[in-house]
Amino acid sequence: MDFTFSEDQIAFRDTVSRFLMTEAAPELLRDIWETESGRSPELWNKIAAQGLMGLSIPEAFGGLGMGDVDWAMLLQEVGYYALPDSLTDTAYIAAGLLTELPEDNAVRTVWLPRIADGSARVAVGHPINPCVSDAELADLLLLAHATPQGLELHAVVPSNCQIEALKSIDSSRRLYNVQWTPSAETRLTDGVLGDQLWARAANRGALAAAAQMVGLAQRMVDLSVDYVAQRKQFDKVIGSFQAVQHHLANVVTKIEFAKPVLYRAFYAMQHDDLDVNTRVSHAKLQAGEAGWLGARNGLQVHGAMGYTWEVDLQMFMKRAWVLDAAWGDRGFHNERLAQSLLASCNPPVGPGNTFDRLANQSAGTGAACMQYFQQAQARTKAEETAA
C-alpha cells in the first residue's frame, strides 16, 4: 500500500501555498481585519478563481469532485497562512452537507453550483459550536433544529434570522449569535437523516480545525526560528543556545507525530470507516497539542513581545487557541476517544490497525471489557501480594 500523497496532490498543495504566500501575507491580513466586514471580496474572488471553492462539489455542478483526503494538505496551508475567510465552512463543510442531500433536493441543485463558482458564501450552525461563523455575510445558513427524532437540517437566508455580532480573541473570526424559527419551508431533512449529515459535518469541521492547527504550529515554528536567528543576547543569537533549540525541536516533534494521525483520519472520513469518530477525535487532540505547544514555546522564545499586536506570532497563536475549542473541545474529543478505546478489549491501536481494518471487527462488549479489567486488577493484586 502506498501511504504517500500523489504527485498531483503535492503539486496542488505547492500551488495553493504559493498563492496564499502572495495573497494572504500578514500585512494584507491585518488590513482586511481592520475593515468593517473583516473580509475581502477581492481575496474571495481570487480564491474562487483558483478553483478552491469547487474542490468537494461534484463535477455535474461545476466542481472538481475531490475527496476528503485531498483537503488534508490544503487545509494545513490554510492554517499556515491563517486565511481569514469562510473557505473551510463553505467549500468543505457546507459543500459536504449539501452534496449528501437526496439528489432531487432543490436546494442542493441551486446552491452547489453557486458555491463552486464562488458566488455564494454559506455559514454552518452546528450545535457543537455555540456561535456561527460569518453568519451576517453569508448568502445561506445551514442550521440544525433538535427534534425527538434527531437534528433536522434547515436552510435559512440571513434576512429571516436575528443575527448578533460577538467578539473573538482571534480578530480574523467573525462570530454571531443566530436566532431563527424553523418551518416546513426551511427544512431540508428530517431528524433521522439529519443526524447522519450533522455527524459527518461535525467530523469534517473537527478535521478542518485539526489540519489548520498543524499548519499554524508549523508557521509558529518558522516565525520563531527566524526570530531566534536574529535576536541577540550576550553577543550571540539566542538560537545558538541549546535550551532555545530544544523548545522549537519539541514543537516539530509534536507536529510530525500529529501528521500521520491527521492523514489517517481524513482517510477514515473519505472511506466512511466505522471508527471514523475515533480517528477524527484522535487527530483533533494531537493537532491541538501541537498548536498549543507551538504557541507556548513560540511565545517563550519571543518573550512577552510575542503577544503584542505588532508581532506576527500573535495572529497564528490566537487562531490556534480558538480552533482547539472549535468543533468539539478537548473534553468532547477525549470522551469520544475514551469510549471507543475502553469499550473494547482489543482497542484499534498498534500494528495491524493502521489501514483498512474495521475497528469494530474485534471489538468486544462492555461486559467483556469489564471482565478484562477485572482480570487485570486481579493479576496486579496477586503480583503485589507475592511481592
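Details of the structure are given in the entry above.
Residues numbered from 1 in each chain as written. Predicted model: local features only at pLDDT ≥ 70, side-chain atom pairs only at ≥ 80, totals over all residues. Heavy atoms only, no water.

(A) Up close: the sheet that holds strand 5 (residues 162-166). Ordered by their spatial adjacency, 3 strands build an open sheet running 2-6-5, and the pairing between neighbours is antiparallel. The open sheet terminates on both sides in strands that have one partner only, identified here as strand 2 (132-133) and strand 5. As paired strands, strand 5 and strand 6 (residues 175-179) are joined by 5 bridges and run antiparallel to one another. When the bridges of strand 6 are listed, Ile-163 appears paired with Val-178. (Pairing = 2+ DSSP bridges. Helix = DSSP H or I, 4+ residues; strand = E, 2+ residues; numbered from the N terminus.)

(B) Main features of the sheet that holds strand 3 (residues 140-147). An order of 1-3-4-7 is seen for the 4 strands of this open sheet, with the pairing classed as mixed. Of all the strands in the sheet, just strand 1 (122-125) and strand 7 (187-189) have a single pairing partner and so form its edges. Strand-to-strand twist in this sheet, taken as the mean axis angle between neighbours without regard to direction, amounts to 30°. Relative to strand 3, strand 1 runs parallel, the two being bridged by 4 bridges. Across the sheet, Gly-125 pairs through a bridge with Leu-143, a residue of strand 3. With respect to the sheet, helix 5 (residues 87-99) is in contact with strand 1, strand 3 and strand 4 (150-156), its orientation differing from that of strand 1 by roughly 70°. (Axes fitted to C-alpha atoms, helices over the stretch in contact; angles between N-to-C directions. Contact = heavy atoms within 4.5 Å.)

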